[in-house]
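# Coordinate analysis (summary)
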Amino acid sequence: MDWPASYTRGMRRPFVGGNWKMNTGAESAPALAAATVTEVGDAARACDVVVFPPACFLIPVRSALGDAAVGLGAQDVSSEANGAHTGDISAEMLKEIGATWAIIGHSERRRDHGEGDHVVAQKLEMALESGLRAVLCVGETLEERKAGQAHQVTARQLRAACASIRAEQMHDVVIAYEPVWAIGTGVSATPQDAAEAHRMIRRELGILYSPELAQAVRIVYGGSLNAANAAAILADPGIDGGLIGGASLKAGDFAQVVRTAAARGQPQGRH
Ligand code: 13P
């Protein structure tokens, strides 16, 4: 299989995304984008760095990013191509304004908008067919974890989302393991728990596709990842970076995570 620059000589290029969620404003969004570019600096040469502002600020953020090596993504994308879908934004529209990534299946959308496995699968298929790249979020709630179903739930979400995705499309997918109980709580998964979940996801990809593909797909961690805990969590060779919420709103903290991920010494490639 012809893998892109994100997978060269058996190495996965790190990925760090900043999910700004429903934060920032008309002035602070481009300002944060500009500060992120400055703070990240050269570290973006060894790590894919992507920011995900609120949809209404995608255009000013794109302008603020300029030609810097920081990518632009949307926090969601419609499962439909166009038409009567009030409030939705299509993959084509996102591409038209310069976004190249979309987050799909974030637990906050599953929770706030009742997005189930089926719609997540449709969104992933639409995004990839349209030429966007996707960060697919999976992960269990606290109740599911307490019930001993963490791996089962995460694997189910992964299988459902990938059901219609061909192997060659998977190189445009980054999987984010985001245990719901760790999101916005200040309590991250332990490095051991995070590493185990990543191994399970990679095993599952091996079963769904092939061992080679499983080794090539990037799997990143999300959930209270910050400048202080990044080194410990990203130390595991199976964890290829992070998807960051709160800490991505501070350019300096976000850049520290990028530097930590980039220090794994990976090759240059696309962003
Ligand atoms: P926090 O980093 O704020 O916990 O959010 C993680 C997340 O949901 C990223 O998508």
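This section reports on the structure supplied with the text. (Residues numbered from 1 in each chain as written. Predicted model: local features only at pLDDT ≥ 70, side-chain atom pairs only at ≥ 80, totals over all residues. Heavy atoms only, no water.)

Around the ligand, 13 residues are found, and the nearest of them are Lys21, His106, Gly184, Ser224 and Gly246. A distance of 2.8 Å separates an oxygen atom of the ligand from a polar atom in the side chain of Lys21. Here an oxygen atom of the ligand sits 2.6 Å away from a polar atom, N or O, in the main chain of Gly184. Protein coverage of the free-state accessible area of the ligand, which is 310 Å², stands at 95%. Structurally, the ligand is housed in the second largest pocket. For the shell around the ligand, the per-class residue count stands at four nonpolar, seven polar and two charged. (Near = heavy atom within 4 Å. Polar contact = N/O pair within 3.5 Å; in protein donor to acceptor, adjacent residues only side chain to side chain. Areas by Shrake-Rupley, 256 points an atom, 1.4 Å probe, with all protein chains shown as cover. 1 Å grid on protein atoms, 1.4 Å probe; cavity = no way out; pocket = protein on both sides within 12 Å on 5 of 7 lines; lining within 4 Å. Sits in = over half its atoms within 2 Å of the grid points. Nonpolar A, V, L, I, M, F, W, Y, C, P; charged D, E, K, R; others polar.)

The next thing to look at is the nonpolar core. Inside soluble globular proteins, nonpolar side chains tend to come together where they are buried. Ranked by size, the top nonpolar core spans 70 residues in total, and within it Val61, Leu124, Met170, Ile175, Ile201, Leu205 and Tyr221 carry the most contacts. The element best represented in this core is helix α11 (residues 251-262), accounting for seven residues. The residues touching Ile175, leaving out its near neighbours within four places in the chain, are Leu136, Val138, Leu158, Met170, Ile201, Leu205, Val217, Arg218, Ile219 and Val220. The next biggest cluster of nonpolar side chains, apart from the first, holds eleven residues, and it includes Phe52, Val174, Val220 and Leu243. (Core = buried A, V, L, I, M, F, W, Y, C linked by side-chain atoms within 4.5 Å. Buried < 20%, exposed > 50% of the residue type's maximum accessible area, 1.4 Å probe, protein only. Helix = DSSP H or I, 4+ residues; strand = E, 2+ residues; numbered from the N terminus. Contact = heavy atoms within 4.5 Å.)

Okay, the layout of surface pockets next. Considering only enclosed or pocket space, the largest pocket measures out at about 490 Å³ in volume. In terms of lining, the largest pocket is formed by 20 residues, of which the most central are Lys21, Gln75, Asp76, Arg109 and His113. Here the element with the most residues in the lining of the largest pocket is helix α4 (residues 107-112); it accounts for three residues. For the lining of the largest pocket, the residue count by class is eight nonpolar, six polar and six charged. Its volume calculated, the second largest pocket comes out at about 230 Å³. If you go around the second largest pocket, you meet 18 residues; those closest to its centre are Lys21, Gly184, Ser224, Gly245 and Gly246. Looking at the lining of the second largest pocket residue by residue, the class counts come to five nonpolar, ten polar and three charged. (Points joined across faces, edges and corners; volume = space filled by probe spheres on them.)

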